[in-house]
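Report on the structure
Letter by letter, the chains look like this.
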Amino acid sequence: MTDGPTPTERFIQGILPENPVYRQLLGLCATLAVTNGLKPAMTMAVAVGFVLLSANVIISLIRNLLKPHLRIVVFTLTIAAFVTIVDRFLGAYMYQMSKALGPYIPLIIVNCIIICRCEVCASRQSVFTAAADAVGQTIGFGLALASIAVIRELLGTGMLAGIQVLPAAWPSWVIMVLPPGAFLTFGLLLGLINWVDAVKSAKQGRKG
Amino acid sequence: MGYLVDIFLIAVGAALINNFVLYYFVGICPFIGVSRRVDMALGMGGAVTFVISIAAFLSWTLTTLVLMPGAPVTRWVAGFFMSADRAATVDLTILTYIVYIFVIASSVQFVEMYVRKFYPQLYKSFGVFLPLITTNCAILFACLVIMSHVVGVDNPAEAWGLGKSLVLGFFGGVGFTIAIVIMAGIREDLDLCDIPESFKGAAITLIIGGILAMAFMGFTGVDSGLRVALGGTP
Amino acid sequence: MEEILTDNTPVPSGRIRNSNLAQAWLVLVLALIIGAILAAVQVRLSPIIAANKLNETLEKVPELVLGAGSAATRPSGLEVDPGTVKIEKDGPDSFYSVFHVVSKGAPAGWVVKTVGQGYGDKIELLIGFNPDITAITGIFVLGQKETPGLGANIASLKWRQQFIGKATARPLSVVKGGASAPNEIDAITGATISSRSVVGLVNRTTKDLAGKLAPEIVRFSRQVKKND
């Protein structure tokens with residue numbers, strides 16, 4: 001089992017080919033809930049990234065000591081501890097953001113991305129590979145969140161990260177920053193990406 | 001009377017107005033994954049409602065008795081090690097997330113074993129979904145909402161008791177069931193529709209979810225009206 | 001899942017204890033390490049979080065009591081004492097977080113924190129009063145999740161300014177367009193319920209506190225310096 005993908009492969013896979021949101025459909029709760037603005041979305045991506053990196057490194061360090069049936073307990077304990085640290089850190093140094101994200105920070109504990117990466121990569125491969133995997137997945141997650149957040153914030157308020165971008169005459173589509181906007185934007189983007197893929201593979205099929 | 005109105009409004013709020021799935025986005029994974037057939041959706045909804053009620057009970061009990069600052073059990077235990085004044089300030093809230101997730105995981109395990117042993121019929125209808133819902137955000141979310149109404153509330157008269165917490169948990173589960181069953185009903189009919197290839201599966205489910213969320217937005221504000229209708233102050 | 005369950009099948013009790021402990025050592029060690037880290041985090045960060053929570057209100061106090069311009073000038077000699085007050089009512093007692101404001105030794109007013117149900121979610125409100133609670137000196141919305149672009153306008157300065165100088169003797173009422181009487185507040189277009197929620201909250205708080213709030217009955221969270 002030690003021979004898995006190399007660190008570079010893991011890193012690249014996380015960003016697009018195995019994007020946690022668009023390809024694996026993981027962590028959707030956070031994806032939909034915090035993308036009403038670019039700032040909360042990026043804070044969430046960094047928070048998830050920190051927890052993922054720490055958990056992956058720790059699990060990878062102790063991977064030879066793990067007993068199969070206690071594995072999940074160890075994963076959960078580690079993840080919950082790091083999420084608590086992130087939550088308190090945000091509360092202390094980014095109070096307004098922590099208030100805005102509310103329960104979605106503790107909900108990182110049940111974000112399937114992290115437990116999935118611990119299971120698939122960290123509990124089997126070396127620390128370096130696990131870290132590369134975590135960084136790759138985080139970038140992938142961050143890109144996915146950003147793609148949704150940019151569309152929602154821009155159309156919903158005419159702003160990006162709180163700065164007015166569209167002319168003030170833009171009639172803000174309030175629905176985009178409300179819950180339905182999250183479902184619609186993500187659903188359409190997901191369909192679009194599937195379509196682009198299908199077109200690409202059809203072209204390749206014709207050539208090959 | 002006031003208490004009953006509060007309970008009623010919490011129930012309506014959790015099930016319809018601020019629906020767990022369509023307003024708070026928790027429990028999206030099963031909402032997309034297990035909403036292909038109505039009977040499966042009902043089973044999943046039943047399992048979630050069941051576990052969420054148990055988790056609500058346990059998290060409220062543990063938070064008030066052990067975790068919050070000045071909780072009786074903690075004060076009593078700490079009293080053996082330090083002066084009574086200092087024992088009253090012991091604050092274990094930093095452990096809440098860890099405690100909640102383990103409470104959820106272990107109650108799911110116990111419920112599964114119990115139901116499988118004593119109610120094989122019930123197990124057949126929703127037991128298979130039980131292991132899946134440990135990582136269902138809806139359950140942890142209910143625990144967190146209860147925590148926010150128990151810990152650090154300015155007005156002790158407004159802190160939630162066990163009754164309100166149980167109502168929130170149970171009706172949060174009911175709201176989840178409503179959303180997932182509606183979605184399953186739509187998706188059963190969707191099989192007969194001509195959907196673009198790339199939108200099949202998750203994408204179309206999300207778009208329908210968006211339309212459902214829009215419909216559920218119609219419930220916003222109903223609670224203030226209900227409160228006035230039931231004789232309370234707005 | 002099957003795997004985990006078969007692990008729980010009965011084994012002779014002596015063996016199960018031994019083997020369970022032997023197997024769980026990693027979890028126990030990990031729990032101890034994590035406990036220590038979390039304790040350190042708690043000791044370092046919880047005072048900062050508590051201070052953040054308090055500062056959020058304290059920052060707004062001068063503006064609410066002395067008027068909007070005062071926030072920029074940072075008035076000197078202003079003392080703010082946070083505390084809680086219990087108001088006895090028929091039914092359950094109400095508790096309020098209050099801030100007693102003393103400017104250059106003389107009482108300047110009160111700021112009261114209050115929470116109520118809005119259109120979407122809870123609304124957290126700060127209300128400023130003059131020293132004898134006969135008039136409102138300002139309101140500020142600390143937290144709200146009303147509809148962006150509509151209900152969320154309760155946080156806008158323009159709407160909040162209507163409350164400045166309102167007498168507390170009569171309850172305020174919401175009117176749609178063209179408030180004329182001294183106790184009337186204009187509703188935000190398209191957000192009557194949000195406007196009503198805020199006004200209802202202000203009315204409830206004034207009714208609870210008018211004529212009852214005095215420094216003597218407040219339990220201040222730190223020792224107040226007496227100016228004689």
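What counts, and at which threshold
- Residues numbered from 1 in each chain as written.
- Chains lettered and ligands numbered in written order.
- Predicted model: local features only at pLDDT ≥ 70, side-chain atom pairs only at ≥ 80, totals over all residues.
- Heavy atoms only, no water.
- Helix = DSSP H or I, 4+ residues; strand = E, 2+ residues; numbered from the N terminus.
- Buried < 20%, exposed > 50% of the residue type's maximum accessible area, 1.4 Å probe, protein only.
- Contact = heavy atoms within 4.5 Å.
- Areas by Shrake-Rupley, 256 points an atom, 1.4 Å probe, with all protein chains shown as cover.
- Salt bridge = Lys/Arg side-chain N within 4 Å of Asp/Glu carboxyl O.
- Patch = residues over 30% accessible without salt bridge, like charges linked within 9 Å, V, L, I, M, F, W, Y side chains within 5 Å.
- Polar contact = N/O pair within 3.5 Å; in protein donor to acceptor, adjacent residues only side chain to side chain.
- Expected span 1.5 Å × (residues − 1).
- Axes fitted to C-alpha atoms, helices over the stretch in contact; angles between N-to-C directions.
- Parallel < 35°, antiparallel > 145°, perpendicular 65-115°, else oblique.
- Left-handed = near helix turned anticlockwise from the far one by under 90°.
- Nonpolar A, V, L, I, M, F, W, Y, C, P; charged D, E, K, R; others polar.
- Pairing = 2+ DSSP bridges.
- Buried area = accessible area lost by both parts, 1.4 Å probe.
- Disulfide = S-S within 2.5 Å.
- pLDDT = per-residue confidence, 0-100.

1. A short note on the overall build of chain C
Helix and strand content of chain C: six helices and eight strands. Mapped from its N terminus to its C terminus, chain C presents α and β elements in the order α-α-α-α-β-β-β-β-β-α-β-β-α-β. Taken over 228 residues, chain C has a buried fraction of 41%. Considering only contacts in chain C between residues 6 or more positions apart, those separated by 24 or more positions represent 50%. Counting only carbon and sulfur atoms, one obtains 57% of the accessible surface of chain C, whose full area is about 12,200 Å².

2. Topic: the pattern of salt bridges
Taken as a whole, this structure holds eleven salt bridges over all chains when the rule is applied. As a salt-bridge pair, glutamate 124 of chain C and lysine 99 of chain A come within 3.4 Å of each other at their nearest N and O atoms. Linking glutamate 124 of chain C in strand 4 (residues 122–129) with lysine 99 of chain A in helix 5 (residues 95–101), this pair reaches from one chain into another. The exposure class assigned to lysine 99 of chain A is partly exposed, which follows from its relative accessible area of 27%. What you see here is one network of salt bridges that share partners, running through Lys99 of chain A together with Glu56, Lys113 and Glu124 of chain C.

3. Structural notes on a nonpolar patch on the surface
All names here are of chain B. A grouping of Leu65, Val73, Trp76, Val77, Phe80 and Phe81 is seen on the molecular surface, where their side chains present a nonpolar patch of about 670 Å² in accessible area. The greatest single-element share of the nonpolar patch, amounting to three residues, is contributed by helix 4 (residues 72–78). Of note, valine 73 is situated in helix 4. Of the residues examined, valine 73 reaches a relative accessible area of 36% and is grouped as partly exposed.

4. Considerations on the interface of chain A and chain B
Contacts between the two partners involve 35 residues from chain A, matched on the other side by 33 residues from chain B. Across the chain A-chain B interface, the total number found is zero salt bridges. Taken together, the connections running from chain A to chain B amount to three residue pairs in polar contact (both at pLDDT 80 or more). Of all the elements in the fold, those that place two or more residues in the side of chain A that touches chain B are helix 2 (28–33), helix 4 (71–93) and helix 9 (179–207) of chain A.

5. With respect to helix 6 (residues 192–209) of chain C
The terminal C-alpha atoms of helix 6 of chain C, which comprises 18 residues, lie 26 Å apart, in line with the 26 Å expected from a rise of 1.5 Å per residue. Residue glycine 211 of chain C follows helix 6 of chain C closely and has a positive phi angle near 75°.

6. Looking at the packing of helix 6 (residues 96–118) of chain B against helix 8 (residues 137–148) of chain B
All names here are of chain B. Viewed as axis vectors pointing N to C, helix 6 and helix 8 meet at an angle of 135°, and their least axial separation amounts to 10 Å. By the angle class used here, helix 6 and helix 8 are oblique. Helix 8 is crossed by helix 6, and the crossing has right-handed handedness. Taking contact as the criterion, the partners of Thr96, Tyr97, Tyr100 and Ile104 in helix 6 are, on helix 8, Ile139, Leu140, Cys143, Leu144 and Met147. Residues belonging to the contact of helix 6 with helix 8 are distributed by class as follows: eight nonpolar, one polar and no charged.

7. Concerning the environment of leucine 32 of chain C
Topologically, leucine 32 of chain C is positioned in helix 2 (residues 13–58). Between the alpha carbons of leucine 32 of chain C and proline 215 of chain C there is a distance of 47 Å; along the sequence they are 183 residues apart.

8. Considering the pairing of strand 3 (residues 106–117) of chain C
Along a regular strand, successive side chains alternate from one face of the sheet to the other. Residues and elements named next belong to chain C. Sheet topology note: the strand 2 (residues 94–103)/strand 3 ladder contains seven bridges and is antiparallel. Residue pairing across strands places phenylalanine 99 opposite valine 111, the latter belonging to strand 3. Count of turn residues in the strand 2/strand 3 antiparallel hairpin: two residues, of which lysine 104 carries a positive phi of about 50°. Judged from the eight bridges that link them, strand 3 and strand 4 form a sheet pairing that is antiparallel. Opposite valine 112, over in strand 4, you have isoleucine 127 as the bridge partner. Following strand 3, the chain reverses through four residues before pairing antiparallel with strand 4.

9. Some thoughts on the pairing of strand 1 (residues 78–87) of chain C
Residue and element names in this part refer to chain C. With ten bridges connecting them, strand 1 and strand 2 associate as antiparallel partners. Within strand 2, the position partnered with valine 85 by the bridge is tyrosine 96. Relative to strand 8 (residues 219–220), strand 1 runs antiparallel, the two sharing two bridges. The residue of strand 8 that forms the bridge with glycine 83 is phenylalanine 220.

10. Side note on the sheet that holds strand 3 of chain C
For sheets, the rule is that strands pair by backbone hydrogen bonds, running either parallel or antiparallel. All names here are of chain C. One open sheet holds the six strands; their spatial order is 5-4-3-2-1-8, and the pairing between them is antiparallel. Strands at the two margins of the open sheet, each flanked by one partner only, are strand 5 (136–143) and strand 8. In this structure, strand 4 lies alongside strand 5, joined through six bridges in antiparallel fashion. Residue pairing for strand 5: glutamate 124 is matched across the bridge by glycine 143.

11. Points about the packing of helix 1 (residues 7–15) of chain A against helix 7 (residues 127–157) of chain A
Residue and element names in this part refer to chain A. Contact pair helix 1 / helix 7: the axes reach a minimum separation of 7 Å and the direction vectors enclose 15°. On the basis of the axis angle, helix 1 is roughly parallel to helix 7. Helix 1 and helix 7 meet at a crossing whose hand is right-handed. Across from Pro7, Arg10, Phe11, Gly14 and Ile15 in helix 1, the residues of helix 7 making contact are Phe128, Thr129, Ala132, Asp133, Val135, Gly136, Gln137, Ile139, Gly140 and Leu143. Grouping the constituent residues of the contact of helix 1 with helix 7 by class yields eight nonpolar, five polar and two charged.

12. Side note on the interface of chain C and chain A
Taken together, the contact between chain C and chain A spans 23 residues of the former and 24 residues of the latter. Buried surface at the junction of chain C and chain A, summed over both partners, amounts to about 2,200 Å²; 74% is from carbon and sulfur atoms. One can count two salt bridges joining chain C with chain A. For the interface between chain C and chain A, the tally reads four residue pairs in polar contact (both at pLDDT 80 or more). For the side of chain C that touches chain A, a count of residues per class yields 15 nonpolar, four polar and four charged.

13. Digging into the state of the cysteines
Residues and elements named next belong to chain A. A complete count under the given rule lists zero disulfides over all chains for this structure. Summary of cysteine pairing: cysteine 118 is not part of a disulfide, and the nearest cysteine sulfur, belonging to cysteine 121, is at 9.1 Å. Classification of cysteine 118 by relative accessible area gives buried; the value is 0%.

14. Some thoughts on the confidence of the model for chain C
Residue and element names in this part refer to chain C. For chain C, the mean per-residue pLDDT works out to 76, and 80% of the residues sit at or above 70. In this model, residues 1–14 is a region of pLDDT below 50 whose contacts with residues beyond four sequence positions or in other chains number twelve contacts. Contacts of residues 224–228 to residues separated by more than four positions or lying in other chains number four contacts, the stretch itself having pLDDT below 50. Scoring the predicted complex yields pTM 0.86 and, for the interface, ipTM 0.86.

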